[in-house]
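This is what each chain is made of:
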Amino acid sequence: MQELQPRFLPLAAKTVVCHTITYLLMGALAAHFLHYEQIFNQPNSGLRPFGDVLVMLGAPLQIFRGILFASVFYLFREQLFGRKNGWLRMAWMLIGIGILGTFAAPAGSFEGFIFTTAPILTQMRGYLEVVPQALLLSALLCYWVNRPRKWLGWTLGVLYCLCIALPIVGLLAPRR
């Protein structure tokens, strides 16, 4: 075993924070540059409208996926943390199993290419959001676990609170 490995609860907290921050960052960029509002609001898109409460609560709800990710990372902690390029291993786990090789048939997965009617290039457009998020999440989480610093914990904690607060404030703001 490498140096002292993370315990589950601290790893889960750090994973939730890093995942939520990278999720909101990449989601906001993708929403703007990939025109998600138009796509979401199309009739029969299969997606909730862009202003739907659950869509707006996407970032705060990432606590559940963060805990799920942490439960997997914890099992492989000796391979991911305290090792050179552990973040690349983590990113490949997320990309290989979570994006390309998922058992379902979402757009951009191997099964999606086979079973959906969407053109492959249209499906691959989502890679512009999810692949960089997997890389950012992995790099940020591994850096934080491998080099714990108070200033980093505080900075990421504040960013996390903003990621949770902004959508809630958006929901509470009066509609025009």
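Above: the structure in question.
My aim in this report is to walk through the structure given alongside it, one point at a time. (Residues numbered from 1 in each chain as written. Predicted model: local features only at pLDDT ≥ 70, side-chain atom pairs only at ≥ 80, totals over all residues. Heavy atoms only, no water.)

## A short note on the overall build of the protein
No. 1: The helix and strand inventory of the protein stands at ten helices and zero strands.
No. 2: Written out in order from the N terminus, the α and β elements of the protein read α-α-α-α-α-α-α-α-α-α.
No. 3: Against the compact-globule benchmark of 16 Å for 176 residues, the protein has a radius of gyration of 17 Å, which places it among compact chains.
No. 4: On the principal axes, the C-alpha backbone points of the protein span a range of 55 × 45 × 20 Å. (Helix = DSSP H or I, 4+ residues; strand = E, 2+ residues; numbered from the N terminus. Rg over C-alpha atoms; globule rule 2.2 N^0.38 Å.)

## Considering the packing of helix 1 (residues 8-33) against helix 9 (residues 127-146)
No. 1: Relative orientation of the contacting elements helix 1 and helix 9 amounts to 150°, with a least axis distance of 9 Å. Taken together, the axes of helix 1 and helix 9 lie roughly antiparallel to each other. In this structure, helix 1 crosses over helix 9, and the sense of that crossing is right-handed. Here helix 1 contributes Leu 11, Lys 14, Thr 15, Val 17, Cys 18, His 19, Thr 22, Tyr 23, Leu 25, Met 26, Gly 27 and Ala 30 to the contact with helix 9, which in turn contributes Leu 128, Glu 129, Pro 132, Gln 133, Leu 136, Leu 137, Leu 140, Leu 141, Trp 144 and Val 145.
No. 2: The class makeup of the residues in the contact of helix 1 with helix 9 is 15 nonpolar, five polar and two charged. (Axes fitted to C-alpha atoms, helices over the stretch in contact; angles between N-to-C directions. Parallel < 35°, antiparallel > 145°, perpendicular 65-115°, else oblique. Left-handed = near helix turned anticlockwise from the far one by under 90°. Contact = heavy atoms within 4.5 Å. Nonpolar A, V, L, I, M, F, W, Y, C, P; charged D, E, K, R; others polar.)

## Side note on the side chain of Thr 15
No. 1: If you trace the backbone, Thr 15 turns up in helix 1.
No. 2: A relative accessible area of 0% places Thr 15 in the buried class. (Buried < 20%, exposed > 50% of the residue type's maximum accessible area, 1.4 Å probe, protein only.)

## What to know about helix 9
No. 1: In a regular helix each residue adds 1.5 Å, so 20 residues correspond to 28 Å; helix 9 covers 28 Å between its end C-alpha atoms and thus fits that length.
No. 2: All buried positions along helix 9 are accounted for by Tyr 127, Glu 129, Gln 133, Ala 134, Leu 137, Ser 138, Leu 141, Cys 142, Trp 144 and Val 145. (Expected span 1.5 Å × (residues − 1).)

## With respect to the side chain of Ser 138
No. 1: Here Ser 138 shows up in helix 9.
No. 2: You can call Ser 138 buried: its relative accessible area is 0%.
No. 3: At a separation of 3.1 Å, a polar atom in the side chain of Ser 138 contacts the main-chain amide nitrogen of Ala 91. (Polar contact = N/O pair within 3.5 Å; in protein donor to acceptor, adjacent residues only side chain to side chain.)

## What to know about the nonpolar core
No. 1: Phe 73, Phe 81, Met 90, Leu 94, Leu 141 and Leu 156 are the most contacted members of the largest nonpolar core, which totals 26 residues.
No. 2: Contributions of two or more residues to this core are made by helix 1, helix 4 (62-75), helix 6 (86-100), helix 9 and helix 10 (150-172).
No. 3: Tallying contributions element by element places helix 9 first for this core, with seven residues.
No. 4: Contact partners of Phe 73, with chain neighbours within four places excluded, come to Leu 11, Thr 15, Leu 80, Phe 81, Met 90, Leu 94 and Leu 141.
No. 5: Grouped together as the second largest cluster of nonpolar side chains are five residues, Ala 30, Ala 31, Leu 34 and Phe 40 included. (Core = buried A, V, L, I, M, F, W, Y, C linked by side-chain atoms within 4.5 Å.)

## Structural notes on the packing of helix 1 against helix 4
No. 1: Where helix 1 contacts helix 4, the axes come no closer than 8 Å and their chain directions differ by 130°. Relative to helix 4, helix 1 is oriented oblique. Here helix 1 runs over helix 4; the crossing is right-handed. Between helix 1, through Phe 8, Leu 11, Ala 12, Thr 15, Val 16, His 19, Thr 20 and Tyr 23, and helix 4, the contact on the second element is made entirely by Gln 62, Ile 63, Arg 65, Gly 66, Ile 67, Phe 69, Ala 70, Ser 71, Phe 73 and Tyr 74.
No. 2: Within the contact of helix 1 with helix 4, the residues separate by chemical class into eleven nonpolar, six polar and one charged.

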